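Structural overview
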Amino acid sequence: MHAGTAEPIPGFAWLIGVLAWFVPGLGHLMQKRWWRGLLMGGAVWLSFFIGLAMGGHMFDLNAPEGSSQYLQVPPMIANLGTGALYIISWLLGYGFADDPAQAARATYEYGNTFLLIAGLMNYLTMLDAFDIAVGRKP
Amino acid sequence: MRHFLVMTLFAALASVVFGAMAKDTTQERVVYGFKVFAEFMVIGLVLAWVLYFIP
């Protein structure tokens, strides 16, 4: 391995990466990877809305009583992976409620899992779009 | 039944993403996607039975 032989990453690739994170699937669509964008982005969107419909909740830095704020950070990072979906929900205050009535729903934990996975899958989608933009992938 | 359907849905969505981003050709991706789906389902069912016997 020789130091200094790596090719510089074009600015366009970074832009693609940021947009792919912000709007799931957009990074692929911008590069005309229609099917891959629809499949991967669609899976993220579906997972997010199914999670919300199941009564799941997302995490932010407001820890419930008796819990540490630091414990909120890892799941918040996962949730944050959905980009604009998370930010818009946070601004609207929708999907962050964690009251006992909601937690009593049979699908509550499933909903949480779907919301976490939506974010993590979008991180993978974002990296895939970035790799395509750099030329590491066809 | 609901639990199984949710697990199936979860496996389907995750395997679509894993399948789409892996491998080089479309055929390889489809095969890999189904393989990941099958692995999710089998491991999920095995874990469910193991946990069933643990009080």
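Computed from a predicted structure; not experimentally measured.

With that out of the way, let us pick up the overall build of chain A. Across its full length, chain A holds seven helices and zero strands. Seen along its three principal axes, the alpha-carbon backbone of chain A occupies a region of about 55 × 35 × 25 Å. Within chain A, residue pairs in contact and separated by at least 24 positions form 72% of the contacts whose partners lie at least 6 positions apart. When the accessible area of chain A is evaluated, it comes to approximately 7700 Å², of which 71% is carbon and sulfur surface. Here chain A contributes 6 positive and 8 negative side-chain charges, whose respective centroids are spaced 19 Å apart.

If you walk through the whole model with that rule in mind, you get 11 aromatic pairs over all chains. Between the aromatic rings of Phe-18 of chain B and Phe-40 of chain B, the centroid separation amounts to 6.4 Å while the plane-to-plane angle is 15°, which identifies the pairing as stacked. Taken together, the residues span a long stretch of sequence, with Phe-18 of chain B in helix 1 (residues 2-21) and Phe-40 of chain B in helix 2 (residues 26-52) at a distance of 22 residues. By relative accessible area, Phe-18 of chain B is classed as partly exposed at 30%. For Phe-40 of chain B, a relative accessible area of 27% puts it in the partly exposed group. Here the aromatic residues Phe-114 of chain A together with Phe-10, Phe-18 and Phe-40 of chain B are joined through ring pairs into a cluster of three or more.

Here the focus is the interface of chain B and chain A. At the junction of the two partners, chain B supplies 13 residues and chain A supplies 19 residues. In total, about 1500 Å² of surface goes out of reach between chain B and chain A, with carbon and sulfur atoms giving 80% of it. Together, Leu-13, Val-17 and Met-21 of chain B form the three largest contributors to the area buried by chain B at its contact with chain A, with a combined 36%. If you look at where chain B meets chain A, you find zero salt bridges. Remark: the boundary between chain B and chain A carries two residue pairs in polar contact (both at pLDDT 80 or more). By residue number, the principal contributor to the side of chain B that touches chain A is helix 1 of chain B, which donates 12 residues. Counted by class, the side of chain B that touches chain A contains 10 nonpolar, one polar and two charged residues.

With that out of the way, let us pick up the nonpolar core. As a rule of thumb, nonpolar side chains are buried together in soluble globular proteins. Membership of the largest hydrophobic core comes to 24 residues, with the highest contact counts inside it found for Phe-48, Met-58, Phe-114 and Met-121 of chain A together with Leu-13 of chain B. Where this core is concerned, the elements lending two or more residues are helix 3 (34-53), helix 5 (84-92) and helix 7 (108-134) of chain A together with helix 1 of chain B. Here the element with the most residues in this core is helix 1 of chain B; it accounts for seven residues. With residues near it in sequence (within four places) discarded, Phe-114 of chain A still touches Ser-47, Ile-50, Gly-51 and Met-54 of chain A together with Val-6, Leu-9, Phe-10 and Leu-13 of chain B. Listed in part, the seven residues of the second largest apolar core include Ala-13, Ala-20, Met-126 and Ala-133 of chain A.

Procedures and definitions
Residues numbered from 1 in each chain as written. Chains lettered and ligands numbered in written order. Predicted model: local features only at pLDDT ≥ 70, side-chain atom pairs only at ≥ 80, totals over all residues. Heavy atoms only, no water. Helix = DSSP H or I, 4+ residues; strand = E, 2+ residues; numbered from the N terminus. Contact = heavy atoms within 4.5 Å. Areas by Shrake-Rupley, 256 points an atom, 1.4 Å probe, with all protein chains shown as cover. Lys, Arg positive; Asp, Glu negative; His and termini not counted. Charge placed at Lys NZ, Arg CZ, Asp CG, Glu CD. Phe/Tyr/Trp six-rings, centres within 6.5 Å; stacked < 30°, edge-to-face > 60°. Buried < 20%, exposed > 50% of the residue type's maximum accessible area, 1.4 Å probe, protein only. Buried area = accessible area lost by both parts, 1.4 Å probe. Salt bridge = Lys/Arg side-chain N within 4 Å of Asp/Glu carboxyl O. Polar contact = N/O pair within 3.5 Å; in protein donor to acceptor, adjacent residues only side chain to side chain. Nonpolar A, V, L, I, M, F, W, Y, C, P; charged D, E, K, R; others polar. Core = buried A, V, L, I, M, F, W, Y, C linked by side-chain atoms within 4.5 Å.

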